[in-house]
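# Overview (structure and organization)
Residue-level listing of the chains:
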Amino acid sequence: MKRTLIIGLSLAISAVLSLGFTPPQAEAKTTFVTIGTGGITGVYYPTGGAISKIVNKKRKEYGIRCTVESTGGSVFNVNAVMAGDLEFGVVQSDRQYQAVNGSKDSEWDGRPQTDLRSVFSIHPESITLCASVDSGIKSIQDLNGKNVNIGNPGSGQRQNSIDALTAVGLDLTKDLNAEGIKAAEAPGLLQDERIDAFFYTVGHPSGAIKEATAGKVKVRIVPITGIDALLDKYPYYAKAVVPIEFYPGAVNKEDVTTFGVKATFVTSAKVSDDVVYAVTKEVFDNFEDFKKLHPAYKVLTKKNMLEGLSAKIHPGAMRYYKEAGLK
Ligand code: GLU
């Protein structure tokens, strides 16, 4: 009798245990995704941070853990995404175009990156030329004979600098001393008077341009004009300005004329539809919150975030755009 009772009881206890206290199912596997950005004083780095922040809020739902990596910029990001070292990258629209088309004279000359996929575009970026006032540089033509940082290999701006210089008839190898330093280091070098000027293709406001214009050495943001043929030649370049309101330390008093591109968000065809869908959905469903994360996003609309993309849209992103009636 006692024995039956004990057996009965233990059966009951195990039944309760198995019903009510089922050990939690093994946690859904966490998928780690890394976003390649740029130097920490650019806008790509906080952009990666903004996207991660929004996606990581839903970590329980998607099992995605997003992290950000500071990198050498657009070209590095395309190559790292293609190699599978990064899942996403922020990339200039001109670089996206060149990579997907294997454009002549680009890093991907004759090697189209057929697996490159676009997700959305982000803020506008302008080719920003900063020069010390003492260097006497007031136009891009004045770079003749000067020490100029055109950007590190791996950066987006390097080709933009070369295109602009070539457009005004300056030869990179003969007419100036071109440095290949990372954008994050250029403001310090300008303030130390070790370079006369630097190019940076960046959204505004950017920490790097603030740093360059807020020091002891007076700095001018130099207009880039006389490049109409360049703008006509390439579909990805357009006229743009550097809004001077963000840089009260610069000697300029008005917005500076230049040309520009767009920052875009890319991935690889090999990244799963579910991951790309989740990232896209979180950014777009939380669009107003996302926009507040950086002043450079002020001009964003859901519609213009689908413009300026030359690689095919990733099917995961497309699933969201269809659902949301954006495509
Ligand atoms: N446009 C730059 C590049 O592609 C990066 C700008 C930024 O980090 O905001 O290298």
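I will try to describe carefully the structure that is included in this document. Quick caveat: nothing in here was measured; it's all calculated off a predicted structure. Within each chain, residues carry numbers counting from 1 in the order of the written sequence. Local features in a predicted model are, by the rule used here, given only for residues with pLDDT of at least 70; side-chain atom pairs are given and counted only at 80 or more, and totals for whole chains, interfaces and linings are based on all residues. Hydrogens and waters are ignored; side-chain quantities use all the structure's heavy atoms.

### Some details on the pairing of strand S7 (residues 197-202)
So the rule is basically this: Buried means the residue's accessible area, taken with a 1.4 Å probe over protein chains only, is under 20% of the maximum for its type, while exposed means over 50%, and partly exposed covers the values in between. Secondary structure elements are taken from DSSP: a helix is a run of H or I of four residues or more, a strand is a run of E of two residues or more, and numbering for both begins at the N terminus. A pair of strands is considered paired only if DSSP assigns at least 2 bridges between the two.
With six of six residues buried, S7 lies mostly within the body of the structure. Residues Ala 197, Phe 199 and Thr 201 line one face of S7 and the alternating positions Phe 198, Tyr 200 and Val 202 line the opposite face, and both faces are buried. Relative to S7, strand S4 (residues 116-132) runs antiparallel, the two being bridged by six bridges. Residue pairing across strands places Ala 131 opposite Ala 197, the latter belonging to S7. Of the pairings in the sheet, the one linking strand S5 (residues 147-149) to S7 comprises two bridges and is parallel in character. Bridge pairing links Asn 149 to Phe 198 in S7.

### Points about the site of the ligand
Rule in force here: Any residue with a heavy atom lying within 4 Å of a molecule or strand is counted as near it. Polar contact is defined as a pair of N or O atoms within 3.5 Å, subject to the rule that within protein one atom must be able to donate a hydrogen and the other to accept it, and that residues adjacent in sequence are counted only when both atoms are side-chain atoms. Just so you know the grouping, Ala, Val, Leu, Ile, Met, Phe, Trp, Tyr, Cys and Pro go in nonpolar, Asp, Glu, Lys and Arg go in charged, and all remaining residues, Gly too, go in polar.
Around the ligand, a shell composed of 14 residues is seen, among which Val 43, Ser 74, Gln 92, Gly 156 and Thr 201 lie nearest. A distance of 2.5 Å separates an oxygen atom of the ligand from a polar side-chain atom of Ser 74. In this structure, an oxygen atom belonging to the ligand sits 3.4 Å away from a side-chain N or O atom of Tyr 200. For the shell around the ligand, the class distribution of residues is four nonpolar, nine polar and one charged.

### Thoughts on the side chain of Asp 196
Inclusion rule: Positive residues here are Lys and Arg, negative ones are Asp and Glu, while His and the chain termini are left out of the count. By definition here, a salt bridge exists when the distance from a side-chain nitrogen of Lys or Arg to a carboxyl oxygen of Asp or Glu is within 4 Å. In what follows, a contact means two residues having at least one pair of non-hydrogen atoms within 4.5 Å.
In this structure, Asp 196 sits in the loop between helix H7 (186-191) and S7. One buried charge, Asp 196, has no salt-bridge partner; the nearest side chain with opposite charge is Lys 146, at 5.4 Å. The contacts of Asp 196, once residues within four sequence positions are left out, are Cys 130, Ala 131, Ser 132, Ser 135, Ile 137, Lys 146, Asn 147 and Leu 190.

### Focus on the pairing of strand S8 (residues 219-222)
Of the two faces of S8, the one carrying Val 219 and Ile 221 and the one carrying Arg 220 and Val 222 are both buried. Across four bridges, S4 lies against S8 in antiparallel orientation. Bridging across to S8, Cys 130 finds its partner in Ile 221.

### Describing the packing of aromatic side chains
Under the convention used in this document: A pair of aromatic rings is counted whenever rings of Phe, Tyr or Trp (Trp by its six-membered ring) have centres within 6.5 Å, and the orientation is called stacked for planes under 30 degrees apart, edge-to-face for over 60 and tilted otherwise.
Throughout the structure, instances matching the rule amount to 14 aromatic pairs. On the basis of an interplanar angle of 70° and a centroid distance of 5.8 Å, the ring pair of Phe 120 and Phe 284 is categorised as edge-to-face. Of this pair, Phe 120 sits in strand S4 while Phe 284 is found in helix H10 (residues 273-285), placing the two residues 164 residues apart along the sequence. Side by side, Phe 120 and Phe 284 carry an identical accessibility label, which is buried.

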